[in-house]
Amino acid sequence: GPLEEMSLPLFFGWFLLSSARDKVRCTSMDFLKTLDTLDAFKKHLSDFTGKAEKEVDLEQYFQSKGTLLHCTTKFCNYGKAEGAKEYVQNPTVKDLYGSAFELSLSALFVTPRTVGARVSLTEEQLLLWPADAEKESESASLPRGSRAHITLGCAENVEPVQTGVDLLEILALQQEGQRGELIEEMELGSLTYYGEGRWLLTLREPICSPACFSSVYG
Ligand code: A2P
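Presented here is an overview of the structure given in this document. Since the structure is predicted, the reported quantities are computational estimates derived from the model, not experimental observations.

### Thoughts on the overall build of the protein chain
What the protein chain contains, in helices and strands, is nine helices and eight strands. Radius of gyration (C-alpha) of the protein chain: 18 Å, near the 17 Å computed for a compact globule of 218 residues. Seen along its three principal axes, the alpha-carbon backbone of the protein chain occupies a region of about 55 × 35 × 30 Å. Residues counted as buried form 48% of the 218 residues belonging to the protein chain.

Below you can see the structure in the form of structure tokens.
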């Protein structure tokens, strides 16, 4: 009934604590600032502008959605999403609700649609990961947890759900054996270009972010 639906949240996820939030925002701003000054990026600028414009300010291009930085585990859509009720009934979800975790952010990625951070999940964190999160990927064989990410910003008229799709696309390319074009070793890590405006920065030092497993009713 409607009451039952009311009792399920919009989504579950790990919510970064404020210190980690600032650190992640600063790192991603640094990255965007550097990326749009690189010749390699300028060479592929039309991926972002569609026109022969000479410049793009990536910090303006991506709007942060103003939400708390988080890594979605299960999008429940108040119970309307497939598997939402099963997820809430999972004893591990109940047990670990409200607990603290340390997320490891291993890469940053940018596409013409989204900017995000890849999260590398531990075995324990994978217990909270829904079985079907990677099913949208065309290459069906990506390991569970591949989609785990934090949305840092979206281009105009792009919804945050796109960030996970963009990450899966890059990982599928890697799995097909495309190694991308190594652009340069930056202070933060190595920058690779995968074509069609897809940039991946593998962090030299993963960012360790304390986060709380909780939910949002929206
Ligand atoms: P993400 O986890 O990539 O940031 P919205 O504001 O659009 O309702 O979304 C709320 C959160 O749930 C966002 O964090 C968003 O994306 C995530 N989300 C929205 N739709 C889906 C979906 N169909 N599958 C997985 N996550 C979703």
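### Some points on the pattern of salt bridges
This model, assessed by the stated rule, comprises five salt bridges. Its salt-bridge partner being Glu-169, residue Arg-198 comes within 2.7 Å of it at the nearest N-O pair. Here Arg-198 is found in the loop between β7 (189-193) and β8 (199-216), whereas its partner Glu-169 is found in helix α9 (residues 161-175), with 29 residues between them in sequence. Judged by its relative accessible area of 7%, Arg-198 is buried. Looking at Glu-169, the relative accessible area reads 31%, which means it is partly exposed. In this structure, the salt-bridge partner of Arg-204 is Glu-185, at a minimum N-O distance of 3.9 Å. Taken together, the positions of Arg-204 in strand β8 and Glu-185 in strand β6 (residues 181-185) put the pair 19 residues apart, joining distant regions of the chain. On the basis of relative accessible area, Arg-204 is assigned to the partly exposed category, the value being 49%.

### Some points on the environment of Ser-46
Within the element layout of this structure, Ser-46 appears in helix α4 (residues 46-49). Sequence separation of Ser-46 and Gly-197 is 151 residues, and the distance between their C-alpha atoms is 8.5 Å.

### Some details on the site of the ligand
What surrounds the ligand is the set Leu-10, Phe-11, His-70, Thr-72, Phe-75, His-149, Thr-151, Glu-159, Pro-160 and Val-161. Here an oxygen atom of the ligand sits 2.6 Å away from a polar atom, N or O, in the side chain of Thr-151. Compared with its free state, where it exposes 540 Å², the ligand has 73% of that area covered by protein. Among the secondary structure elements, those contributing two or more residues to the shell around the ligand are β2 (70-75) and β5 (149-154). Of all the elements, β2 adds the most residues to the shell around the ligand, at three residues. When the residues that make up the shell around the ligand are grouped by side-chain class, the tally is five nonpolar, four polar and one charged.

### Some words on the pairing of β5
For β5, the buried fraction is high: five of the six residues fall into the buried class. Bridge analysis of strand β4 (residues 114-120) against β5 gives five bridges, and the strand direction is antiparallel. The partner of Val-115 across the bridge, within β5, is Gly-153.

### As for the packing of aromatic side chains
The geometry of an aromatic ring pair is captured by two quantities: the separation of the ring centres and the angle between the planes. For the structure shown, the criterion picks out 12 aromatic pairs. For the ring pair Tyr-97 and Phe-213, a centre distance of 6.1 Å and an interplane angle of 75 degrees mean the geometry is edge-to-face. With a gap of 116 residues between them, Tyr-97 in the loop between α7 (91-96) and β3 (100-110) and Phe-213 in strand β8 connect regions that are remote in the sequence. Looking at Phe-213, the relative accessible area reads 0%, which means it is buried. The rings of Phe-12, Trp-14, Tyr-87, Tyr-97, Phe-101 and Phe-213 are connected pair by pair, giving a single aromatic cluster.

### Observations regarding the side chain of His-44
Mapped onto the fold, His-44 is located in the loop between α3 (39-43) and α4. Beyond its immediate sequence surroundings of up to four residues, His-44 is in contact with Glu-181, Tyr-193 and Trp-199.

### Looking at α9
Its 15 residues give α9 an end-to-end C-alpha distance of 22 Å, which sits within 8% of 21 Å, the value for a rise of 1.5 Å per residue. Where α9 is concerned, the buried positions are Thr-163, Gly-164, Asp-166, Leu-167, Leu-168, Ile-170, Leu-171, Ala-172 and Leu-173. Those residues of α9 that are buried lie in contact with β3, β4, β5 and β8. Just downstream of α9 lies Gly-177, where phi reads positive at about 100 degrees.

Cut-off values and rules
Residues numbered from 1 in each chain as written. Predicted model: local features only at pLDDT ≥ 70, side-chain atom pairs only at ≥ 80, totals over all residues. Heavy atoms only, no water. Helix = DSSP H or I, 4+ residues; strand = E, 2+ residues; numbered from the N terminus. Rg over C-alpha atoms; globule rule 2.2 N^0.38 Å. Buried < 20%, exposed > 50% of the residue type's maximum accessible area, 1.4 Å probe, protein only. Salt bridge = Lys/Arg side-chain N within 4 Å of Asp/Glu carboxyl O. Near = heavy atom within 4 Å. Polar contact = N/O pair within 3.5 Å; in protein donor to acceptor, adjacent residues only side chain to side chain. Areas by Shrake-Rupley, 256 points an atom, 1.4 Å probe, with all protein chains shown as cover. Nonpolar A, V, L, I, M, F, W, Y, C, P; charged D, E, K, R; others polar. Pairing = 2+ DSSP bridges. Phe/Tyr/Trp six-rings, centres within 6.5 Å; stacked < 30°, edge-to-face > 60°. Contact = heavy atoms within 4.5 Å. Expected span 1.5 Å × (residues − 1).

Shape descriptors only; they carry no functional weight alone.
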